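Coordinate analysis (summary)
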Amino acid sequence: MSRTEQVSRAVHFEFRAMNTNIDVQLFADREQAEHAATLVKSWFEMQEQRFSRFVADSELNRLNHSRGWMPVSAAMDEVLSLAYGYIGQTEGVFQPGISKALRLSKRASHRLLLDRLIGARKMVAVSAEQETLDYSRPTWIQREGSRMVHLDPGTEIDLGGIVKGWAVERVADWLQQKMKIDAGMINAGGDVQVWGTADHPYWTLEVTSPIPHKQDLSGKVRIRNGAVATSGISPKQGECDYRGRVQHLIDPRTMEPADTDILQCTVVGKHTSQCEIIAKTVCILGSVEAVKWLNRHYDRHDVLWITREGQVYFRGNTETLAECWLGFDPDHRFSLI
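Residues numbered from 1 in each chain as written. Predicted model: local features only at pLDDT ≥ 70, side-chain atom pairs only at ≥ 80, totals over all residues. Heavy atoms only, no water.

This part covers the sheet that holds strand S5 (residues 148-151). One open sheet accounts for three strands, arranged S3-S5-S4; its pairing is antiparallel. At either end of the open sheet lies a strand with only one pairing partner, and these are strand S3 (69-71) and strand S4 (140-143). Going across the sheet, the axis of each strand differs from the next one's by a mean of 30°, ignoring polarity. The pairing of S3 with S5 spans three bridges and is classified as antiparallel. Note on S5: the bridge partner recorded for Met70 is Val149. Where helix H4 (residues 74-89) meets the sheet, it contacts S4 and S5, and its direction lies at approximately 125° from that of S4. (Pairing = 2+ DSSP bridges. Helix = DSSP H or I, 4+ residues; strand = E, 2+ residues; numbered from the N terminus. Axes fitted to C-alpha atoms, helices over the stretch in contact; angles between N-to-C directions. Contact = heavy atoms within 4.5 Å.)

On to the environment of Asn225, then. As for its position among the elements, Asn225 is in the loop between strand S9 (219-223) and strand S10 (226-232). Exposure remark for Asn225: the relative accessible area of 44% places this residue in the partly exposed category. Taking C-alpha positions, Asn225 is 9.6 Å from Met185, a pair spaced 40 residues apart along the chain. Not counting chain neighbours up to four residues away, the residues in contact with Asn225 comprise Val194, Trp195 and Gly196. (Buried < 20%, exposed > 50% of the residue type's maximum accessible area, 1.4 Å probe, protein only.)

As for its placement among the helices and strands, Ser273 is situated in helix H8 (residues 272-285). Assessed through its relative accessible area of 1%, Ser273 is described here as buried. At 3.3 Å, the side chain of Ser273 forms a polar contact with the side chain of Tyr86. Not counting the four nearest positions on each side in its chain, Ser273 is found in contact with Leu82, Tyr86, Ile162, Gly165, Trp166 and Glu169. (Polar contact = N/O pair within 3.5 Å; in protein donor to acceptor, adjacent residues only side chain to side chain.)

This paragraph deals with the pattern of salt bridges. According to the stated counting rule, one finds 13 salt bridges in the structure shown. Between Arg50 and Glu59 there is a salt bridge; the shortest N-O distance is 3.2 Å. Since its relative accessible area comes to 18%, Arg50 is described here as buried. Take Glu59: its relative accessible area is 7%, and that puts it in the buried class. Between Lys220 and Glu206 there is a salt bridge whose closest N-O contact spans 3.8 Å. A residue pair is termed long-range when its members are at least 10 positions apart, and Lys220 in strand S9 and Glu206 in strand S8 (residues 203-207) qualify at 14 residues. (Salt bridge = Lys/Arg side-chain N within 4 Å of Asp/Glu carboxyl O.)

Taken together, the three strands give an open sheet; going across it, the order is S8-S9-S16, and neighbouring strands pair in antiparallel fashion. Each having just a single partner strand, S8 and strand S16 (325-326) make up the two edges of the open sheet. Of the pairings in the sheet, the one linking S8 to S9 comprises five bridges and is antiparallel in character. Paired with Trp203 across the two strands is Ile223, which belongs to S9.

Once that is clear, we can look at the packing of aromatic side chains. This model, assessed by the stated rule, comprises ten aromatic pairs. Judged by centre distance (6.0 Å) and plane angle (80°), the ring pair of Tyr84 and Trp140 falls under edge-to-face. Residue Tyr84 is located in helix H4, and its partner Trp140 is located in strand S4; the two are separated by 56 residues in the primary sequence. The exposure class assigned to Tyr84 is partly exposed, which follows from its relative accessible area of 42%. Under the relative-accessibility criterion, Trp140 is labelled buried at 2%. (Phe/Tyr/Trp six-rings, centres within 6.5 Å; stacked < 30°, edge-to-face > 60°.)

Below, the discussion takes up H8. Its 14 residues give H8 an end-to-end C-alpha distance of 20 Å, which sits within 8% of 20 Å, the value for a rise of 1.5 Å per residue. For H8, the tally of buried residues reaches twelve of 14 residues, placing the bulk of the element in the interior. Residue Gly286 follows H8 closely and has a positive phi angle near 90°. (Expected span 1.5 Å × (residues − 1).)

A separate point is the pairing of strand S2 (residues 20-27). Counted residue by residue, S2 has seven buried out of eight residues, so it is predominantly covered. Connecting strand S1 (residues 11-17) to the next strand, S2, in antiparallel fashion are two residues, including Met18 with a positive phi near 50°.

Before going further, it helps to examine the confidence of the model for the protein chain. Averaged over the protein chain, the pLDDT score is 86; the fraction of residues at 70 or greater is 82%. Long-range and interchain partners of residues 116-131, a stretch whose pLDDT sits below 50, account for 18 contacts in this model, where long-range means more than four residues apart. Contacts for the low-pLDDT stretch residues 235-244, under 50 throughout, to residues beyond four places or in other chains number 18 contacts. (pLDDT = per-residue confidence, 0-100.)

Structure (structure tokens):
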């Protein structure tokens, strides 16, 4: 079999890491693809050991337990720098430095809900520590050029909202630049990076409906090079609190369940981590505030979201909507400004 025949179809690999399924498809000969897949698996496993809150001796946990300045790896320094920028871009909706405060808030919310259910009149006081925290700013300092980090007192960082997308785009770039693989896809639980050539012009990715009995809300994204990320809640996770707000989407500005109408958001752009952050931010903000936020930042991504009422919103390049978003006919369309 010639090399041209060998690479006419993608070589497919699957494994599990970072608490999600990783799907790798590479257009390369079998030997090269297998070698690359082994390295990709090792990469994700290494980053899981580095960034997981559930690995006792992970670098993240060592940083969270540190006092004063701590030297960090190049990978940790890079992800913290990205996170620092995304806090500003999202106006505090993305905030990885509130892990400890979030646990305290959840305990207070659960107690308050219990008190209401049993008819109690008393309110649960929120700790003074929470009241003084400013969730719109980073809770750590990085010393430029030295890879040294200093956390604010009481800070615990959780980078789960960004590190998966970062890991996907980093390894995809390495496969192109170092391994010289012309076309491929890395999909980590819905965070996707793809690249292609004239011989393999487009990837078509499924976007499933978040409402099982409304399959007409499903569609596909068609893309040659770039990133796709989907965020949201499954129907089982869509349980609401006593005020009708989604329990599993926490708004760090209020430390309460997000007051949102959005079940699922898919974003298309260049970088997986950025698409991931935008998708989660849109889900938390809700339809009205999401459009305003995207416009304030002159964002150029294609963003499509689905509400609990089954309404489809699109904000992006409306001229390429039919070509790139197959099967979708949005109820509401907002052009780029």
